[in-house]
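Below, each chain spelled out in residue letters.
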Amino acid sequence: CKTSERKSRSSKAETRSRGVAKEKTLECGQIVWGLAFSTWPAAEARGTEPACDVGLPCLILATGLNDGQIKVWEVQTGHLLFSLLGHQDVVRDLSFAPNGSLILVSASRDKTLRVWDLSRDGRQVQVLSGHVQWVYCCSISPDCSMLCSAAGEKSALLWSMRSYTLIRRLEGHQSSVVSCDFSPDSALLVTASYDACVIMWDPYTGEQLRTLRHVPLHSAVDYSSEVHTSSLRSVCFSPEGLYLATVADDRLLRIWALELRSPVAFAPMTNGLCCMYFPHGGFIATGTRDGHVQFWTAPRVLSSLKHLCRKALRTFLTTYQVLALPIPRKLKEFLTYRTF
């Protein structure tokens, strides 16, 4: 694999004021199906560690490839750090542990998930087996205690990131589950399915808290007579945890407020496959089958003090710990997201 750079199309004025901007290309040699960013902690560079400046963290990128390999790169230099071997088919999705531990989880069409530790020379820590179909998606909870995986099955699987064992199957969808995401405080989990529904779960108890159904919009705002309720492709939480974004085959990007059962905003798009919020909010990126990434302005919101307190508490308290607190029932219901 090699790295190539080329000058971007920019005006002479921009070139003079900002220097020559460059685009970097990582030549992976295979179709790239999955991507995940993380940072390598600041340290002395040695061995296969990134050759970053001493005392500064480095940005790294993991790429899931068509032949089952995972290649991990240092973004700034394009240096290949690891080639992780083990999967027997396409690596469809990748997820780094949010705590910076350099733990990487990969999901593959070989029906397994694999856990890698990049801090230990990319050692394979665990193989998680339990799916009977291709694994499409994996998501690690922000507190790094749980992992959710979605395959071409009607149930999603919830795993412990501490023992790497199966916690439970989340059953409730009527068709294949293809996408999943945790809320920023780890208190909620959402799954999206080809049955055109998003289910919101309490991952600690396995309880279904709410179902969001994708129904056709009023004809006045339909962009085609062929628009119809159809398969969901992707779901993700906003950074503050008050909104969801969904992409479906009915040619719409929808934004949902957590407390409501109908979307608060939408945008027309075709061939949508995935969506992701900008980490600091305000924008959503969507990927399409025809090779485009589109950016959308998302609703900005100032979180209430109540929500900020709930988010802070739920970051370190499980549902069971909240229910055991000597506080009023209504407050427990609010803290466990059972008031909407």
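Counting restarts for each chain, with residues numbered from 1 along the sequence as it is written. The predicted nature of this model means local features are confined to residues of pLDDT at least 70 and side-chain atom pairs, given and counted, to a pLDDT of 80 or more, with totals for whole chains, interfaces and linings taken over all residues. Only hydrogens and water are removed before side-chain values are computed, so all heavy atoms of the structure are retained for them.

A. The arrangement of the sheet that holds strand β9 (residues 112–117) in detail. DSSP calls a pair of strands paired once it identifies at least 2 bridges connecting them. We count a stretch as a helix when DSSP gives it H or I for four or more residues in a row; a strand needs E for two or more, and each element gets its number in order from the N terminus. Across the sheet, which stays open at both edges, the 4 strands sit in the order β7-β8-β9-β10 with antiparallel pairing between neighbours. With one partner strand each, in any of the chains shown, β7 (91–96) and β10 (123–129) form the two edges of the open sheet. Direction aside, the axes of adjacent strands within the sheet are offset by 20° on average. The pairing of β9 with β10 spans 6 bridges and is classified as antiparallel. Counted as the bridge partner of Leu113 is Leu128 from β10. Simply put, an axis is a line fit to the C-alpha atoms, just over the touching stretch for a helix, and the angle between two N-to-C directions goes from 0 to 180 degrees.

B. Structural context of the confidence of the model for the chain. Across the chain, the average pLDDT comes to 84, with 84% of residues at 70 or higher. Values of pLDDT, the confidence the predictor places in each residue, fall between 0 and 100. Throughout, a contact is declared for two residues whenever any of their heavy atoms are within 4.5 Å. The low-confidence segment residues 1–21 (pLDDT under 50) makes 31 contacts with residues lying over four places distant or belonging to another chain. The model gives residues 219–228 a pLDDT under 50, and that stretch makes 10 contacts with residues more than four places away or in other chains.

C. How the structure looks around helix α2 (residues 305–314). Throughout, exposure labels follow a simple rule: accessible area from a 1.4 Å probe, protein chains only, divided by the maximum for the residue type, with under 20% read as buried, over 50% as exposed, and the rest as partly exposed. Those residues of α2 that fall on the buried side of the exposure criterion are His307, Arg310 and Arg314. Within α2, the buried residues cover an arc of 60° as seen down the axis, which keeps them to one side. Buried residues along α2 sit in contact with α3 (319–323) and α4 (329–335). Regarding the arc, it is the one traced by the directions from the helix axis to the C-beta atoms.

D. Up close: the sheet that holds strand β25 (residues 293–297). Taking strand neighbours across the sheet as the criterion, the 3 strands line up as β23-β24-β25 in an open arrangement whose pairing is antiparallel. At either end of the open sheet lies a strand with only one pairing partner, and these are β23 (272–277) and β25. Taking the axes of each pair of neighbouring strands and ignoring which way they run, one obtains an average angle of 25° across the sheet.

E. Quick look at the UniProt feature "domain: SOCS box" (unreviewed entry) in the chain. UniProt positions are given in the numbering used here, feature names are shortened, and annotations may be inferred rather than shown by experiment. Taking the numbering used here, the UniProt-annotated feature "domain: SOCS box" (unreviewed entry) corresponds to residues 304–340. The span residues 304–340 carries 59% helix and 0% strand; its end-to-end C-alpha distance comes to 15 Å.

F. Region of the structure containing the pattern of salt bridges. A side-chain nitrogen of Lys or Arg and a carboxyl oxygen of Asp or Glu constitute a salt bridge if their distance falls within 4 Å. For the structure shown, the criterion picks out 6 salt bridges. Its salt-bridge partner being Arg338, residue Glu207 comes within 2.7 Å of it at the nearest N-O pair. With Glu207 in strand β18 (residues 207–213) and Arg338 in the segment after α4, the pair connects residues that are 131 residues apart, well separated along the chain. With a relative accessible area of 26%, Arg338 lands in the partly exposed category. A salt bridge links Arg254 to Asp250; its shortest N-O distance comes to 2.8 Å. Given a relative accessible area of 2%, Arg254 falls into the buried group.

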